[in-house]
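Tertiary structure, described
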Amino acid sequence: MAAAVVFAAVVASAAAQAEVRWEVAYLTLEPLGSAQKVIAINNQFPGPVLNVTTNENVRVNVQNNLDEPLLITWDGIQMRMNSWQDGVAGTNCPIPPGWNWTYQFQLKDQIGSFFYFPSLGLQRAAGGYGPITVNNRAIVPVPFDQPDGDITLFIGDWYTKSHIELRNMLDDGKDLGVPDAILINGRAPYRYDNTLVRDGLQYETVGVEPGKTYRFRVHNVGISTSLNFRIQNHNMRLVEAEGTYTNQQNYTNLDIHVGQSYSFLVTMDQNASTDYYIVASPRFVSDPWWREVNGVAILQYSNSEGSASGPLPDAPNDYYDKVYSMNQARSISMNTSAGAARPNPQGSFRYGSINITQTFVLKNEPPLRINGKRRRTINRISYSPPETPLRLADLHNLTGVYATDFPTMPSNAPARIASSALNASYKGFLEIVFQNNDTDVQTYHLDGYSFFVVGMDYGEWTPDRRNGYNKQDAISRSTTQVFPGGWTAVLVSLDNVGIWNLRAEKLDNWYRGQEVYVKVPDPQGYNITEMIIPDNALYCGLLKERQKPQVHQTNSKSSALAGARWSARLLAAVTLIIAALCFS
């Protein structure tokens, strides 16, 4: 009897593990008709899906076969007290070229659609991204019928220049200019317009069956362009936004800003006389040519009778009406009756009655020239990553690496470049107001957390704006847009100890310093609440002497092989435990 109990416990533990091996390398493809090096994972562009279940322990073994350092970050994934695995420069030393490193973390209580990507040096502009699907546990019902299929679409602007060329342009003080195209799943547009799209390009085709309903998980993984997404003649029922089930409503189109993710249910209820267009088009852009460029894929019924033709479905006609997109964003709210993972504070949704313990008003401005360099700022601070990650510096009591002197309110102080962090309080309830004093849409993301998007409007934020906050069913997510000349307010429960990256998701703004780290220290001290530093931690900067040489592994191990060996180890452990109990 005891053996059976232990066997069940070990099997349950085994089921709560997910392990994959990824090889990150350059791959030569022709997304726009000429050879271009992209970053692929296991020879896939976009990369393979990381399919996990809430609360699982995840191990991702990464082999860096690039010619430059690499970090993988997990956009929207909340790790339990474990910023050591966040995969950004403030918490991790990068994986050197040719080296191997394993991320190990436990998911918090969350579900939904997310993505991973390389976080250093504009590498995402070359690819390296892929989907993360976090499923409900079997005992928790989903607030809609099981779809007949699951379809992931990555939409995003794309340059034919390499990420290194783009990086050099920014270093030289230049802007990146207008992108060359919008890709869908790494592929060029369908030839909807002979003058805009050259012949012979590979495009994405999504095959479906008539009468069935599919879950479309759509991610904007581009560099800087907000995109409007739509499917010709089909309603899109929004059901989830970055880990939160939404109040379900139909959209004919939806603006998806850089770094944002959504899930839609789409029923194949049209006739099959032709294929249908799937479209992603630029939003809030001034260049006349760029406004006409679209990413186009094909929705193809299995009994389709012909190719898609004619004009694309119309984008919102609101060039002079900036309220349309904001009202659309305000219409997205949380399904408070759904089960499954819930945002913090857990189980109550009474976030509107919780006392705010800290307020940060974070203002960005147009590019500023600081020390002769063109930089981006928040509260007139342009972040410069030190060679030693902040979290490592704290652990080893290093001084002078960074300062917790980031201003919590905007000022007219001289702009400066600094390694500066925001000091926050564990178990506090934080109000962050993003004030956008630029002419472009900004998108902000906070690692390690979801936040309630309680308000957005045009003009300057003032404390009396709190009277208009949504205090009942604001969407909880990790990435929010801030419209030009406007503000967005979010509330977040600081329940996750660590140092967490708060950044602009637009890659050029992020690269030029539009980020800050939020320090949430454990008041009880190290190794009490937070996960301890992993055994395989990498060292760099002032701690580089601690780094031991790595015995390089061969590149022939596949993800499947790694998984098989992990299963074999578990089976061996189960066998030994049963044997010990049987003969005790």
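Each value, and the rule that gives it
Residues numbered from 1 in each chain as written. Predicted model: local features only at pLDDT ≥ 70, side-chain atom pairs only at ≥ 80, totals over all residues. Heavy atoms only, no water. Pairing = 2+ DSSP bridges. Helix = DSSP H or I, 4+ residues; strand = E, 2+ residues; numbered from the N terminus. Axes fitted to C-alpha atoms, helices over the stretch in contact; angles between N-to-C directions. Buried < 20%, exposed > 50% of the residue type's maximum accessible area, 1.4 Å probe, protein only. Arc of directions from axis to C-beta. pLDDT = per-residue confidence, 0-100. Contact = heavy atoms within 4.5 Å.

1. Some remarks on the sheet that holds strand E8 (residues 130–135)
Reading across the sheet, the 4 strands line up as E3-E8-E7-E5 and stay open at both edges, with mixed pairing between neighbours. Looking along the sheet, the strands with just one partner apiece sit at the ends: strand E3 (50–53) and strand E5 (72–75). Strand-to-strand twist across the sheet, computed as the mean angle between neighbouring axes with direction ignored, equals 25°. By the bridge criterion, 5 bridges tie strand E7 (residues 112–118) to E8 in an arrangement that is antiparallel. Paired with Tyr116 across the two strands is Gly130, which belongs to E8.

2. A word on helix H4 (residues 323–330)
Along H4, the positions that sit buried rather than exposed are Ser325, Met326, Gln328 and Ala329. Down the axis of H4, the buried set is contained in an arc of 155°. They therefore lie on one face.

3. Observations regarding the confidence of the model for the protein
On average, the protein scores 90 in pLDDT, and the residues at 70 or more come to 90%. Long-range and interchain partners of residues 1–15, a stretch whose pLDDT sits below 50, account for 12 contacts in this model, where long-range means more than four residues apart. Taken together, the stretch residues 554–584 has pLDDT below 50 and engages in 29 contacts with residues farther than four places along the chain or on a different chain.

4. A short note on the environment of Gly33
Turning to its location among the elements, Gly33 is positioned in the loop between strand E1 (17–29) and strand E2 (36–41). A residue is classified by how much of its surface remains accessible, and Gly33, at 23% relative accessible area, is partly exposed. With near-sequence residues (within four places) excluded, Gly33 lies in contact with Arg198 and Leu201.

5. Details of the environment of Asp438
Here Asp438 lies in the loop between strand E26 (429–436) and strand E27 (442–446). Note on Asp438: relative accessible area 8%, which makes it buried. Sequence-wise, Asp438 and Lys363 are 75 residues apart; in three dimensions their C-alpha atoms are separated by 9.4 Å. Filtering out sequence-adjacent residues up to four positions away, Asp438 remains in contact with Asn364, Glu365, Pro366, Arg376, Pro484 and Gly485.

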